[in-house]
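Here is how the chains run, residue by residue.
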Amino acid sequence: MDAVFVLVHSPSVGPGTWTPVAERLRGRGATVVVPSLAGVGAGGPPFWPRVVAAVGAAVDAVPAGRSVVLVAHSNAGLFVPVVVAAATRPVVGCLFVDASLPARQGPTPVVPAEALPFLRERAVDGILPPWTTWFDESEVAPMLPEPAVRAAVEAEQPRLPLSFYEQLIPVPAGWDAQPCGYLLFGPPYDQVANEAAARGWAVERIPGRHLHQVVDPGGVAERIAEMARTWSPPAAGA
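Asks: If you had to explain the pairing of strand β3 (residues 68–73) to someone new, which residues and values would you point to?
Replies: Burial of β3 is extensive: six of the six residues sit out of reach of the surface. Across five bridges, strand β1 (residues 4–8) lies against β3 in parallel orientation. Each residue of the ladder has a partner; that of Phe-5, found in β3, is Val-69. Direction of pairing for β3 relative to strand β4 (residues 91–97): parallel, over a ladder of six bridges. Across the sheet, the residue bridging to Leu-70 is Cys-94, located in β4. Each parallel crossover has a hand, and for β3 linked through helix α3 (residues 80–86) to β4 it is right-handed.

Given below as structure tokens:
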């Protein structure tokens, strides 16, 4: 396909969570960019415009005449509508990978109200610890079984302000006019995948845990490429 893949990581982790998949996609001949959302938590709210600016800078660098496919993991999915609305290149598809979905009508909270007490009890002076420390080792170890991979992921994790998770993100009308799809790894996102199916989106699954893209980057890259294959015309002469 001629579209450029823009792989958007969760602000709770770092761009390295997409790097292995990006390498596999490039090995298949695709053009891929992985914008960094490091620093989007600096300063006060609202935070979502900084996400739009960071992803938008990557989209702006795509050559004129090329389209893009947005691929968002985890809570990066919530920012897809505002990214689409601001994009300076045609967005021909949006793929949500084990990701949260924006509300059918906005605005969308980053976390539901019932989850905020879990975060508030972990915050110190309004700042949260790194994401993997929120959970028991019994949950983190199976998600990141390779020590070197785990060390790399954990080294990139920011300490985001609690207010990042308390923000509401707009949902511009018509953002999903292009095809959308959902790639599920497993619980608890199975319920989110059911909602994606209810919206009429293509839904596929690769069994795994939430950061499966760093465990099986080849398999995830192959599935992303297949799901997006029909979303843009082939390159000239292909």
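Still to come is the rest of the account.
Asks: Report on the packing of aromatic side chains, specifying residues and quantitative values.
Replies: Scanning the model with the defined rule gives 11 aromatic pairs in all. Seen from their ring centres, Trp-131 and Phe-135 are 5.5 Å apart, and the 75° between their planes marks the pair as edge-to-face. Owing to a relative accessible area of 11%, Trp-131 belongs among the buried residues under this scheme. Grouped by ring-pair contacts, the aromatic residues Phe-47, Phe-79, Phe-118, Trp-131, Trp-134, Phe-135, Phe-164 and Tyr-165 constitute a single cluster. Above the ring of Phe-118, the side-chain terminus of Arg-122 is found at 3.6 Å from the ring centroid.

Asks: Give me the lowdown on the sheet that holds β3, citing residues and values where you can.
Replies: In spatial order, the strands read β2-β1-β3-β4-β7-β8; together these six strands make up an open sheet with parallel pairing. This sheet does not close on itself; its edge strands, each paired only once, are β2 (32–33) and β8 (202–205).

Asks: So what about the side chain of Gln-178? Which residues, and what values?
Replies: With respect to the helices and strands, the residue Gln-178 is situated in the loop between β6 (168–169) and β7 (180–184). You can call Gln-178 buried: its relative accessible area is 13%. Excluding residues within four positions of it along the chain, Gln-178 makes contact with Val-84, Val-91, Val-92, Gly-93 and Cys-94.

What counts as what
- Residues numbered from 1 in each chain as written.
- Predicted model: local features only at pLDDT ≥ 70, side-chain atom pairs only at ≥ 80, totals over all residues.
- Heavy atoms only, no water.
- Buried < 20%, exposed > 50% of the residue type's maximum accessible area, 1.4 Å probe, protein only.
- Helix = DSSP H or I, 4+ residues; strand = E, 2+ residues; numbered from the N terminus.
- Pairing = 2+ DSSP bridges.
- Right-handed = clockwise from strand over helix to strand, strands pointing away.
- Phe/Tyr/Trp six-rings, centres within 6.5 Å; stacked < 30°, edge-to-face > 60°.
- Lys NZ or Arg CZ within 6 Å of the ring centre and 35° of its normal.
- Contact = heavy atoms within 4.5 Å.

Purely geometric numbers; function is a separate question.
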